[in-house]
Amino acid sequence: ITCRLCHHKGGAFKKDKKGRWVHSACAYWLPETFFADPNKMEPIGGVSRVDRERWKLQCGVCQQTGNGACIQCSVKNCKWAVHPL
């Protein structure tokens, strides 16, 4: 199984509202996504609303660009971005 958001394999997955697999951690950390039922932590909503600019960021760990959505550091003027997993 591959995560719809970060494209990594393995880990804790849940299905999104369209039946696609998403890491629970990716859904938790990306601000556009949410758990429709917070108690069950599924299904994952907002996947189609993930900002396309996130897919263009270079991950500071794997150095890849365009291979999954990244989150950015919240410190002003910091450009650090990483995949949630």
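In what follows, the structure referred to is the one given above.
Parameters and conventions
Residues numbered from 1 in each chain as written. Predicted model: local features only at pLDDT ≥ 70, side-chain atom pairs only at ≥ 80, totals over all residues. Heavy atoms only, no water. Pairing = 2+ DSSP bridges. Helix = DSSP H or I, 4+ residues; strand = E, 2+ residues; numbered from the N terminus. Phe/Tyr/Trp six-rings, centres within 6.5 Å; stacked < 30°, edge-to-face > 60°. Buried < 20%, exposed > 50% of the residue type's maximum accessible area, 1.4 Å probe, protein only. Salt bridge = Lys/Arg side-chain N within 4 Å of Asp/Glu carboxyl O. Core = buried A, V, L, I, M, F, W, Y, C linked by side-chain atoms within 4.5 Å. Contact = heavy atoms within 4.5 Å. Disulfide = S-S within 2.5 Å.

Caption draft 1: The pairing of strand β3 (residues 34–37), seen in detail. Judged from the three bridges that link them, β3 and strand β4 (residues 42–45) form a sheet pairing that is antiparallel. Following the sheet pairing, Asp-37 is matched in β4 by Glu-42. Turn length for the β3-β4 hairpin, with the two strands adjacent in sequence and antiparallel, is four residues, and the turn residue Met-41 shows positive phi of about 55°.

Caption draft 2: Spatial organisation of the packing of aromatic side chains. With the rule as written, the count across this model stands at two aromatic pairs. Centre to centre, the rings of Phe-13 and Trp-21 are 6.4 Å apart; their planes meet at 80°, and the pair counts as edge-to-face. The class of Phe-13 is buried, set by a relative accessible area of 16%. On the numbers, 5.2 Å between centres and 85° between planes, the contact of Tyr-28 with Trp-29 is edge-to-face. Like Trp-29, Tyr-28 is exposed.

Caption draft 3: Highlighting the pattern of salt bridges. Under the definition given, this model contains three salt bridges. Taking the shortest distance from any N to any O, the salt bridge between Asp-16 and Arg-20 comes out at 2.8 Å. Using a relative accessible area of 5% as the deciding quantity, one classes Asp-16 as buried. A residue is classified by how much of its surface remains accessible, and Arg-20, at 25% relative accessible area, is partly exposed.

Caption draft 4: Up close: the nonpolar core. If you look at the biggest cluster of nonpolar residues, it comprises 19 residues, and the most contacted ones within it are Cys-3, Leu-5, Val-22, Cys-26 and Ile-44. Where this core is concerned, the elements lending two or more residues are α1 (24–29) and β6 (81–82). Not counting residues up to four positions away in its chain, the partners in contact with Leu-5 are Val-22, Cys-26, Leu-30, Thr-33, Val-47, Val-50, Trp-55, Gly-68 and Ala-69.

Caption draft 5: Looking closely at the state of the cysteines. One pass over the full model with this rule turns up zero disulfides. Distance from the sulfur of Cys-6, which forms no disulfide, to the nearest cysteine sulfur (Cys-26) is 3.8 Å. Left unpaired, Cys-62 is separated from the closest cysteine sulfur, that of Cys-59, by 3.8 Å.

Caption draft 6: Molecular detail of the environment of Lys-15. Assignment of secondary structure puts Lys-15 in strand β1 (residues 13–15). Judged by its relative accessible area of 39%, Lys-15 falls in the partly exposed class. The spatial distance from the C-alpha of Lys-15 to the C-alpha of Gly-45 is 9.3 Å, given a sequence separation of 30 residues. Discounting residues that sit within four places of it in the chain, Lys-15 has contacts with Arg-20, Trp-21, Pro-43 and Ile-44.

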